[in-house]
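Observations on the model geometry
Each chain is listed here by its residues.
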Amino acid sequence: MDRGRLYRTEGLILHRTDFGEADRLLTVYTPRYGLLRLLAKGARKPTSRKAGHVEPFTCVNLLVARGRNLDIVSQVETLEPFRRLRENLELASLSYYVGELIAGFAGEGDENPPLFDLTVATLSRLCEARDPTLALRFFELRALGLLGYQPQLFLCITCQTQLEPVTNYFCPAAGGVVCPCHGEGLPDAVPLALPTFKVLRYMQTHPWDQVGALRISPETHLDLESVLQSFIVYQLERRLRSVDFIHRLRREAKV
Ligand SMILES: [Zn+2]
């Protein structure tokens, strides 16, 4: 979508770095303009009215002026601070992952309001959900769908027959699940445990209100993570750094 000389947008601050003497450079995800790099002038001065509004994972309303190189934040107001995500290390690591995933898949100009809404809803679910990790898995699966990479979970990719509730195969390179006849011996295909298969299908077809009520065993949780991660890494062609950080936190929590 074309931006005027001065434009308004809702946005989610994904990342900020120091810039110059007192400015901040922001990476902001927006519904209609995709990922934007914006300059918040003077945002590091203690007296700045922008300071409190440009923290990571804050959902904001922005008035932006087109600049020659960088667009400039003219006004900013907080819609939702999502403070808990910055106060709790585990939740912060999950939020960074959400941001990294969005920044990995979305580019400047990528208009996708449903993906923006899903992202904001996910941050609020991370704050409130009984099982924040499940909220993250739901986000991954639904985001892949909204980005045009929906994994096929109902028909065998090779023979197009209805997949049965048995141990099928998961094959990221093929785009989803393959029946036992066609999955065995297929390069990169791994057996997909039935409980994991069922949760994936349930997440693809049911709203969060119902998915959030599921009780997932620790084993299925690890399996869901690894299946979705393999699919994401295949599509992105790289690993995301925050995944390693989440794993490190988890290991340290166990010690
Ligand atoms: Zn088949």
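In what follows, the accompanying structure is described.

**Focus: the overall build of the chain**
From N to C terminus, the chain includes nine helices and eight strands. In terms of overall size, the chain behaves like a compact globule, its C-alpha atoms giving a radius of gyration of 20 Å where 255 residues would be expected to give roughly 18 Å. In the chain, buried positions account for 35% of the 255 residues. Pairs at least 24 apart in sequence give 55% of the contacts found in the chain among residues at least 6 apart.

**Some thoughts on the packing of helix 2 (residues 89-105) against helix 3 (residues 113-128)**
With their axes 10 Å apart at the nearest point, helix 2 and helix 3 run at an angle of 170° to one another. Comparing the axis directions of helix 2 and helix 3 gives the class roughly antiparallel. Contact residues: Leu91, Leu94, Ser95, Val98 and Ile102 in helix 2; Thr119, Thr122, Leu123 and Leu126 in helix 3. A class-by-class count of the residues in the contact of helix 2 with helix 3 yields six nonpolar, three polar and no charged.

**Points about unusual backbone geometry**
Backbone geometry places Phe57, a non-glycine residue, at a positive phi of 70°. Take Phe57: it is sitting in the loop between strand 3 (34-40) and strand 4 (59-65). If you check the backbone angles, Asp188 has positive phi at about 70° while not being a glycine. Summarising the element assignment, Asp188 is placed in the loop between helix 5 (180-183) and strand 8 (190-192). Overall, Asp188 belongs to the exposed group, with 12 C-beta atoms counted inside 10 Å.

**Side note on the packing of helix 4 (residues 132-146) against helix 6 (residues 194-205)**
Relative orientation of the contacting elements helix 4 and helix 6 amounts to 65°, with a least axis distance of 10 Å. Our classification of the angle between helix 4 and helix 6 gives roughly perpendicular. When the axes of helix 4 and helix 6 are compared, the crossing they make is right-handed. In this structure, helix 4 contributes Arg137, Phe138 and Leu141 to the contact, and helix 6 contributes Leu200, Met203 and Gln204. Considered class by class, the residues forming the contact of helix 4 with helix 6 number four nonpolar, one polar and one charged.

**Examining the nonpolar core**
In this structure, Ile13, Val28, Val177 and Val178 are the most contacted members of the largest nonpolar core, which totals 63 residues. Mapped onto the domain boundaries, this core takes at least three residues apiece from domain 1 (6-80) and domain 2 (84-254). Residues contacting Ile13, with those up to four places away along its chain left out, are Leu26, Val28, Val54, Glu55, Pro56, Phe57, Thr58 and Val60.

**Side note on the pairing of strand 5 (residues 71-80)**
Note that strand 3 and strand 5 share two bridges and pair parallel. Residue Leu39 lies in a different strand from strand 5, and its bridge partner there is Ile72. Looking at chain direction, strand 4 and strand 5 are connected through seven bridges and run antiparallel. Opposite Cys59, over in strand 5, you have Glu80 as the bridge partner. Between the antiparallel neighbours strand 4 and strand 5 lie five residues.

**Some remarks on the sheet that holds strand 2 (residues 23-30)**
An order of 1-2-3-5-4 is seen for the five strands of this closed barrel, with the pairing classed as mixed. Direction aside, neighbouring strands of the sheet carry axes that sit 50° apart on average. Where helix 2 meets the sheet, it contacts strand 1 (6-19), strand 2 and strand 3, and its direction lies at approximately 115° from that of strand 1.

**Observations regarding the sheet that holds strand 7 (residues 176-178)**
The strand order across the open sheet formed by three strands is 7-6-8, and the pairing between neighbours is antiparallel. Edge strands, defined here as strands with exactly one partner in the open sheet, are strand 7 and strand 8. The average angle at which neighbouring strand axes cross in this sheet is 45°, direction not considered. Inspection of the sheet shows strand 6 (residues 168-171) paired to strand 8 by three bridges, in the antiparallel sense.

How each quantity is defined
Each chain carries its own residue numbering, running from 1 in the direction its sequence is written. Residue-level local features of this predicted model are given only where pLDDT is at least 70; pairs of side-chain atoms are given and counted only at 80 or more, and the full residue set underlies all totals for whole chains, interfaces and linings. Secondary structure follows DSSP: runs of H or I at least 4 residues long count as helices, runs of E at least 2 residues long count as strands, and numbering of each begins at the N terminus. Both definitions apply: the radius of gyration is a C-alpha atom measure, and the globule rule equals 2.2 Å times residues to the power 0.38. Neighbour density around each residue's C-beta defines its exposure: 20 or more other C-beta atoms within 10 Å make it buried, 12 or fewer make it exposed, and counts between make it partly exposed, where C-beta atoms are placed from the backbone. Residues are defined as contacting one another if the C-beta atoms placed from their backbone atoms lie within 7 Å. Helix axes use the C-alpha atoms of the stretch in contact, all axes being lines fitted to C-alpha atoms, and the angles between their N-to-C directions lie in the range 0 to 180 degrees. The scheme is simple: roughly parallel for angles under 35 degrees, roughly antiparallel for over 145, roughly perpendicular for 65 to 115, oblique for anything else. Just so you know the grouping, Ala, Val, Leu, Ile, Met, Phe, Trp, Tyr, Cys and Pro go in nonpolar, Asp, Glu, Lys and Arg go in charged, and all remaining residues, Gly too, go in polar. With the far helix as reference, a near helix turned anticlockwise by less than a right angle produces a left-handed crossing, and one turned clockwise produces a right-handed crossing. A set of buried Ala, Val, Leu, Ile, Met, Phe, Trp, Tyr and Cys residues, joined through C-beta atoms within 7 Å, is what we mean by a nonpolar core. Where each domain starts and ends comes from a domain assignment, either automatic or drawn from a database. We call two strands paired when DSSP finds no fewer than two bridges between them.

Note that all results are geometric; they support no functional claim without further evidence.
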